[in-house]
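Structural features, examined
In case you want the letters, here they are:
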Amino acid sequence: MATTTKIRPRALVRASGGPRYAVALAVDALGTGLLRPFLLLYGVTVLRLSAPATGIAMTVGIVVGLVCMPAVGRWLDRGARSTVVAASMLVRALGVALLLATPAGHVWLFATAALFLGVGNQAWPAAHAALVATVAHGRERDAALAGGRALRNAALGAGALLATACLAGGTAALQVLAAVTGLAYLAAAALAWSVHLRAHPAAAPGEDTADGPAPRMRALLAANVVYVFCLNVPEIALPLVLVTQLHASPVWSAAIFVANTVLVVTLQVPVTVLMSRFPRRAVLALAGVVLAASYLGFLAATSLGHGWGAPAVATVSVVCTIGEIIYAGSATALVTALAPAHVLGRALARFELSTGFGLAVSPAVITALAPHGPAALWGSLAAATLLSASAVATEKEHGTRLSGCHPGIRRAG
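Residues numbered from 1 in each chain as written. Predicted model: local features only at pLDDT ≥ 70, side-chain atom pairs only at ≥ 80, totals over all residues. Heavy atoms only, no water.

As a further point, take unusual backbone geometry. Here His196, not a glycine, exhibits a phi torsion of approximately 55 degrees, which is positive. For His196, the location among the structural elements is in the loop between helix H9 (171–194) and strand E1 (197–199). (Helix = DSSP H or I, 4+ residues; strand = E, 2+ residues; numbered from the N terminus.)

Listed below in structure tokens is the structure:
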């Protein structure tokens, strides 16, 4: 099995789609960081909507946005790559334009804007993964996917910090941030489209049996719904536990979130490269074990009470972040390795559906379990994650894409 043992920045950028595409990713993520963390605040303060109405509109936008994924998958399987990435960015630019045009008190227009933003946010990961899978192969592809995630997290963090500094300007500042976000999406879309990357459509099922049938991945998709809870642990579970159960300062929550971002940015590529020595499925199962261990660590940390509880939770959060990094570096890479070329887009779309569903339900599940005590929250998460890791490890791989069976690449212009 080929492994990636060195990190070569130029080769990594090339495998990720090239310099222009890397700039497009950074600009897009920077714009997202300016607005997405404060979208609820925009609805409440600028549009004067109630917090519950704003939250429901945002949730509906995310959930309904998942409906677009089958169409995105079919579009990708017809060979589109950079065009789909650019389209996901343009849809979000349209959402921002609608947001800026929404008068105060119009919740349905805000919900429509949230829907466009949700469609773009859901479509982008699958389109990006398909593009990278077309440019890079083998373990180089895994490193390229990890590099894209690290770059995106760095730009998201920079955008959020810049937006936080600007919030002193009140509602006018939020409107300016939204406008800048829209411009960033437009610029990123132009850069992504200029790459002109397209794959020759692979043979249809039945025309080329070498590509094999589409993998069902039922256990993987079900497990992924549980795995993605880890992405909301730093943002939802830990702040909830620290403030309501340990009565700690909100500073601890902020510090944990910043540490999580820094660790992902700095370690995502090195850890993914290190794990390339092992089968992707085994690495993904290991991620579940690490995450489950961190959840049990949170259970032990919260039992320490007010004095030592917060520092202990912060320490265990590092283990949770390592689990998140291992998961993120192996999950999408495993899907791209399993899927035959002619159904790569649909396989990635199905995977993104499971991710989006997990992200949508995890806040409700976490907030429902937390009032019943640390054992209910962390014990349930640990048990579910271990069960998911076991399912991933034991699932049989039917229809794995044969080595060397990659769709052709065409660059227009």
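From this point, the narrative continues.
Once that is clear, we can look at a nonpolar patch on the surface. A contiguous nonpolar surface patch, about 360 Å² in accessible area, is contributed by Ile56, Val60, Val64 and Val67. When you line up the elements, Val60 lands in helix H4 (residues 51–65). (Patch = residues over 30% accessible without salt bridge, like charges linked within 9 Å, V, L, I, M, F, W, Y side chains within 5 Å. Areas by Shrake-Rupley, 256 points an atom, 1.4 Å probe, with all protein chains shown as cover. Salt bridge = Lys/Arg side-chain N within 4 Å of Asp/Glu carboxyl O.)

Moving on to the packing of aromatic side chains. Counted under the stated rule, the structure contains 3 aromatic pairs. Through pairs of rings, three or more aromatic residues link up here, namely Tyr295, Phe298 and Trp378. The ring of Tyr185 carries the charged tip of Arg92 above its face, separated from the ring centre by 4.8 Å. Taking NZ or CZ as reference, Arg152 lies 4.3 Å from the ring centre of Trp124, over its face. (Phe/Tyr/Trp six-rings, centres within 6.5 Å; stacked < 30°, edge-to-face > 60°. Lys NZ or Arg CZ within 6 Å of the ring centre and 35° of its normal.)

With that settled, consider the environment of Val23. Along the polypeptide, Val23 turns up in helix H2 (residues 19–35). Given a relative accessible area of 42%, Val23 falls into the partly exposed group. The sequence separation of Val23 and Ala301 amounts to 278 residues, and the corresponding C-alpha distance is 41 Å. (Buried < 20%, exposed > 50% of the residue type's maximum accessible area, 1.4 Å probe, protein only.)

This part takes up the confidence of the model for the protein chain. Here the protein chain averages 88 in pLDDT, and 90% of its residues register 70 or above. Overall, residues 399–407 carries pLDDT values under 50, and its contacts beyond four positions in sequence, including any with other chains, amount to 22 contacts. (pLDDT = per-residue confidence, 0-100. Contact = heavy atoms within 4.5 Å.)

Before going further, it helps to spend a moment on the packing of helix H11 (residues 229–245) against helix H15 (residues 344–369). Where H11 contacts H15, the axes come no closer than 10 Å and their chain directions differ by 30 degrees. It follows from the interaxial angle that H11 and H15 lie roughly parallel. By crossing handedness, the relation of H11 to H15 is classed as right-handed. Contacts between H11 and H15 involve Phe229, Leu231, Asn232, Ile236, Ala237 and Leu240 from the first element and Gly358, Leu359, Val361, Ser362, Pro363, Val365, Ile366 and Thr367 from the second. Of the residues in the contact of H11 with H15, the class split is 10 nonpolar, 4 polar and no charged. (Axes fitted to C-alpha atoms, helices over the stretch in contact; angles between N-to-C directions. Parallel < 35°, antiparallel > 145°, perpendicular 65-115°, else oblique. Left-handed = near helix turned anticlockwise from the far one by under 90°. Nonpolar A, V, L, I, M, F, W, Y, C, P; charged D, E, K, R; others polar.)

As a further point, take the side chain of Thr385. Inspection of the secondary structure puts Thr385 in helix H16 (residues 374–394). With a relative accessible area of 1%, Thr385 lands in the buried category. In this structure Thr385 touches Val226, Gly288, Leu291, Ala292 and Tyr295, once residues within four positions along its chain are discounted.

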